[in-house]
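If you want the building blocks of each chain, they are given just below.
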Amino acid sequence: MIKLIPKQQKLSLREVKPGGKLIGKLKVPGDKSISHRALLFGSIAEGETIIKGLLPAEDPISTANCLRAMGVKISSIESDKVVSIQGVGLDGLKEPSEVLNCGNSGTTMRLLLGLLVGRKGRHFVLNGDKSLNKRPMQRVRQPLKLMGAEINGRSDGDLAPLSIVGRNLHGAVIGTPVASAQVKSAILLAALTAEGSTKVIEPTSSRDHSERMLKAFGANLEVSGERGRHISVWPGSKLLGQSIVVPGDISSAAFWLIAGTIIPNSELTIENVGLNPTRTGILKVMEQMEANIELINIRDVAGEPVGDIKVIHNDQLKPFKIDSSLVPSLVDEIPILSVAACFCDGTTKITGASELRVKETDRLKVMTRQLLRMGANIEEHPDGLTIHGVDHLKGNHLDSETDHRVAMSLAIASIVAKGTSTIERSNAAAVSYPEFWNDLERLRG
Ligand code: S3P
């Protein structure tokens, strides 16, 4: 039902025929955010870190390769079921003789900035692909500069390639203008070796995987304030190698949650999904939609809540509202939620989501452009979308525009559309979910 069109392999053009239902159980790959952090924190810990369930996708591979270029021994992410890292300690990263290539990964670049600015006397150059080199880095550079960091790049240091000269850092109290876990985590990493304590104050709390994992590694870190918006770090503690279990990524499960809801006669159970409350905004939205979902077997795995989610098709979906208070907890799920909105009976409003404009693509613009090709009734606003439910979407020639989450959202939309679709640059999915197309084929089987 899905085939890669051979002559078009360069564009990874896939043909998706509509129809069929999705039935069965699946496990989604490991959480991308947790995977990056396990690699980074394991590398600066002392002793060995063992990671089960690490995401074997392009983004974490970029992080691992950068760390390897600085002398860290990391076993194969692609082929090892359990990845091991021989940590080099807080100050053990070597000056690399090559440019550190962050690929498509914003998390790699932003967290590395925080990690490297305090490596006194060492030079580093960070580069990314075309998309990453257009994304704003000033949001990380500015607070790090307040701590004494030296980062240079195009547009007054906003755009990669970026160069870093390691400096002695000092602690600071920093209010971040955007709720971004990447910005927060970069500051926390810099704070580990700064002189004096550092406090980060976020406008709304973003995902807290760094806080949880740094504490487990032995960092002296305290979370306080309303909904954990204040995070303080005191330097001086050693990090010690840990055993980490990475849960399935709720941002990857999101495609199946929506597919199971909108594809007629579907019934799916997604096992072992991370349910960290800073990430579960999509479940709140699905409640608003009156989707049929059930959380089963909720448990704690290595400091993160995990559970299985069962979803059954529902053809009477209610429209939903997403505003700035909800956005950080579902920021990566808005592309697939905008597909879901097309199948709701009424008008969905998404506001406070201008952050989507600085993701791997401008996701508000790209989802509007692609869904309009499918006959959606969607309007783009500076900070969001208005989507009116339609009777059906129609198949068309579509394009991920190089964005992994757009590729997967369009795949699900194409299955429920009338008529065949072709999706250009469908292989973008490999950035976070290399087995996505195979899982889709198997579930439709
Ligand atoms: C991430 C944080 C989010 C998210 C990204 C991963 C992380 O970005 O969109 O995919 O791992 O910290 P922001 O922190 O920039 O919102």
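Predicted model, so just to flag it, every value in this text is computed and none were measured.

*Asks:* Tell me what's going on with the overall build of the chain, and back it up with residues and numbers.
*Replies:* Each helix and strand counted, the chain has 13 helices and 24 strands in total. Its C-alpha atoms put the chain at 60 × 50 × 45 Å along the principal axes. Counting across all 445 residues of the chain, residues that qualify as buried make up 60%. A separation threshold of at least 6 residues defines the contact pool for the chain, and within that pool the share at least 24 residues apart is 73%. Total accessible area on the chain stands at roughly 16,500 Å², and carbon and sulfur atoms take up 49% of it. The average position of the 54 basic charges and that of the 49 acidic charges among the side chains of the chain differ by 2 Å.

*Asks:* For the domain arrangement of the chain, give the residues involved together with the corresponding values.
*Replies:* Parsing the chain into structural domains produces domain 1 (2-25 + 249-265 + 276-291 + 315-444) and domain 2 (33-245). Each of domain 1 and domain 2 was reduced to a C-alpha centroid, and the two centroids are 30 Å apart. Counting residues at the interface gives 17 residues for domain 1 and 21 residues for domain 2. Of the roughly 1,600 Å² buried between domain 1 and domain 2, counting both surfaces, carbon and sulfur atoms make up 45%. Where domain 1 packs against domain 2, one counts three salt bridges. Among the ionic pairs, Arg207 bridges to Asp332, the shortest N-O distance being 3.5 Å.

*Asks:* So what's going on with the packing of aromatic side chains? Residues and values would help.
*Replies:* Tallied over the entire structure, the rule returns six aromatic pairs. Arranged with centres 6.2 Å apart and planes meeting at 90°, the rings of Phe41 and Phe217 form a pair that is edge-to-face. Taken as a pair, Phe41 in helix H1 (residues 32-43) and Phe217 in helix H7 (residues 209-217) lie far apart in primary sequence, 176 residues in all. Judged on exposure class, the residue Phe41 and its partner Phe217 are both buried. Within the aromatic cluster, the residues linked to one another by ring pairs are Phe255, Trp256, Tyr433, Phe436 and Trp437.

*Asks:* Report on the site of the ligand, specifying residues and quantitative values.
*Replies:* Residues in contact with the ligand, as listed here, are Lys32, Ser33, Arg37, Thr107, Arg110, Ser180, Ala181, Gln182, Arg207, Val331, Asp332 and Lys359. Contact between the ligand and Ser180: an oxygen atom at 2.8 Å from a side-chain N or O atom of the residue. Contact between the ligand and Lys359: an oxygen atom at 2.7 Å from a side-chain N or O atom of the residue. Notes on the ligand: free accessible area 380 Å², of which the protein chains cover 95%. Of all the elements in the fold, those that place two or more residues in the shell around the ligand are H1, helix H3 (106-116) and helix H6 (181-191). Here the shell around the ligand gets three residues from one element, more than from any other, and that element is H1. Residue composition of the shell around the ligand, grouped by class: two nonpolar, four polar and six charged. For the shell around the ligand, the two domains that each supply at least three residues are domain 1 (2-25 + 249-265 + 276-291 + 315-444) and domain 2 (33-245).

*Asks:* If you had to explain the pattern of salt bridges to someone new, which residues and values would you point to?
*Replies:* Side chains that carry opposite charge are capable of pairing whenever their charged atoms lie near each other. All chains considered together, the criterion is met by 30 salt bridges. Here Asp91 ties to Arg119 by a salt bridge, and the two come within 3.4 Å at their closest N and O atoms. Remark: Arg119 occurs in the loop between H3 and strand E8 (123-127) and Asp91 occurs in the loop between strand E6 (82-88) and strand E7 (100-101); sequence separation between them is 28 residues. Residue Arg119 is classed as buried on the basis of its relative accessible area of 1%. Measuring nitrogen to oxygen at the nearest pair gives 3.6 Å for the salt bridge that ties Asp332 to Arg363. A residue pair is termed long-range when its members are at least 10 positions apart, and Asp332 in the loop between strand E19 (321-322) and helix H10 (334-341) and Arg363 in helix H11 (residues 363-373) qualify at 31 residues. Of the two residues, Asp332 and Arg363, neither departs from the other in class, the shared state being buried.

Rules of the game
Residues numbered from 1 in each chain as written. Predicted model: local features only at pLDDT ≥ 70, side-chain atom pairs only at ≥ 80, totals over all residues. Heavy atoms only, no water. Helix = DSSP H or I, 4+ residues; strand = E, 2+ residues; numbered from the N terminus. Buried < 20%, exposed > 50% of the residue type's maximum accessible area, 1.4 Å probe, protein only. Contact = heavy atoms within 4.5 Å. Areas by Shrake-Rupley, 256 points an atom, 1.4 Å probe, with all protein chains shown as cover. Lys, Arg positive; Asp, Glu negative; His and termini not counted. Charge placed at Lys NZ, Arg CZ, Asp CG, Glu CD. Domains from an automatic or database assignment. Buried area = accessible area lost by both parts, 1.4 Å probe. Salt bridge = Lys/Arg side-chain N within 4 Å of Asp/Glu carboxyl O. Phe/Tyr/Trp six-rings, centres within 6.5 Å; stacked < 30°, edge-to-face > 60°. Near = heavy atom within 4 Å. Polar contact = N/O pair within 3.5 Å; in protein donor to acceptor, adjacent residues only side chain to side chain. Nonpolar A, V, L, I, M, F, W, Y, C, P; charged D, E, K, R; others polar.

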